[in-house]
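# Inside the fold
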Number of protein chains: 2
Amino acid sequence: MVDYDEAIGFNTVKTGKHITRLLNSRLKPYNLTAEQWTVLKRLDQQGDSSQKRLAEASDKDQATLTKILDLLESHAFIERVKNPNDRRSFLVCLTPKGRELTKSIYTVIEEIFEQIVAGLSTEELSNYQDVLRKIIHNIQDIKD
Amino acid sequence: MVDYDEAIGFNTVKTGKHITRLLNSRLKPYNLTAEQWTVLKRLDQQGDSSQKRLAEASDKDQATLTKILDLLESHAFIERVKNPNDRRSFLVCLTPKGRELTKSIYTVIEEIFEQIVAGLSTEELSNYQDVLRKIIHNIQDIKD
DNA sequence: TAAATATAATTTGTGCACTAATTATTTTTA
DNA sequence: TAAAAATAATTAGTGCACAAATTATATTTA
């Protein structure tokens, strides 16, 4: 009988933690953490966004995102602009400084991941992604 | 060009988070969190242990474990006993209450994971585990 | 159209994860 | 064997994740 709590649960969380920690150590010289990078990346990908939309895209809750944005704003990587269409919300925008930084971090991140996936075949990684997708899907089904 | 930051990094962390959140919601009636369960499970598996050994076995740092143990101790699930062989350390022990709880949680956890892995073949899950193992191994090599 | 309901962002409180520093104790070095 | 170095556990500080509550604003209902 396979112990999935261990094999899937603990080990997925552990792997995620170690990836995050590695990224954090490499991003430290840029005054960035892995979580903050996720937010910058989403802003770069989808353009100026409301916080709600940003939270959804980066899989973070509103409360957590507020804190992360506060930090990014304090470093002048982003700014919050009043949303002309809805006074309850802001549009979050990359500053020129933030845009410049984001561009250079793509390279840093890419190099790290080349090391992280070294020795794994395209097929192995593709299968891995399928399983991740199915697990997330299963969890969402349980919740409904 | 596959974006491994997204496909592997973000999605592994996301999946881990969602598993943890699901477990937390199911363990809440027992006054337990997923992380606390990990510690109880390790104690059950390896018997009375020093904090250092427990931290290693549960992939937590000493500081974090201290806090988790404080909570478990406050609920009388565990107790810290002076280590007769080394005055710098304690032996952490399950109380009868904690042992009883641990036994019943195994069943709860097993049912959740049956749902989490539903529809995934033994082979798929086995391959998934292999990739996790290799990623962790790669990360450890990078650190050395 | 006014009232009821829902929503965006923030704050508060709690539980983790991580690093650095600290104190008492043990181990190693010279 | 005394001094230096290492170690176990804890504390303090910072960054997240999550749930609940709150306030101003938008949407829906009757």
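Now for a look at the structure at hand. (Residues numbered from 1 in each chain as written. Chains lettered and ligands numbered in written order. Predicted model: local features only at pLDDT ≥ 70, side-chain atom pairs only at ≥ 80, totals over all residues. Heavy atoms only, no water.)

## Some thoughts on the layout of surface pockets
Over the atoms, a rolling probe the size of a water molecule traces out where space has been left empty. The computed volume of the largest pocket comes to approximately 320 Å³. Considering the residues around the largest pocket, the lining is formed by 16 residues, among which A:Val13, A:Lys17, B:Val13, B:Lys17 and B:Thr20 are closest to the centre. For the lining of the largest pocket, the secondary structure elements donating two or more residues are helix H1 (4–27) of chain A together with helix H1 (4–27) of chain B. Estimates place the volume of the second largest pocket at around 200 Å³. If you trace the second largest pocket, you find it lined by A:Glu35, A:Asp59, A:Lys60, A:Asp61, A:Thr64, A:Ile68, B:Val13, B:Lys17 and B:Arg21. If you list the elements that add at least two residues to the lining of the second largest pocket, you get helix H4 (62–74) of chain A together with H1 of chain B. For the lining of the second largest pocket, the residue count by class is 2 nonpolar, 1 polar and 6 charged. (1 Å grid on protein atoms, 1.4 Å probe; cavity = no way out; pocket = protein on both sides within 12 Å on 5 of 7 lines; lining within 4 Å. Points joined across faces, edges and corners; volume = space filled by probe spheres on them. Helix = DSSP H or I, 4+ residues; strand = E, 2+ residues; numbered from the N terminus. Nonpolar A, V, L, I, M, F, W, Y, C, P; charged D, E, K, R; others polar.)

## Considering the sheet that holds strand S3 (residues 90–94) of chain A
Residues and elements named next belong to chain A. Reading across the sheet, the 3 strands line up as S1-S3-S2 and stay open at both edges, with antiparallel pairing between neighbours. Of all the strands in the sheet, just strand S1 (49–50) and strand S2 (78–82) have a single pairing partner and so form its edges. Sheet topology note: the S1/S3 ladder contains 2 bridges and is antiparallel. Considered in S3, the bridge of Ser49 is made with Val92. In the packing of helix H2 (residues 34–46) onto the sheet, the strands contacted are S1, S2 and S3, and the crossing angle to S3 comes to about 95°. (Pairing = 2+ DSSP bridges. Contact = heavy atoms within 4.5 Å. Axes fitted to C-alpha atoms, helices over the stretch in contact; angles between N-to-C directions.)

Function cannot be inferred from these measures alone, as they are strictly geometric.
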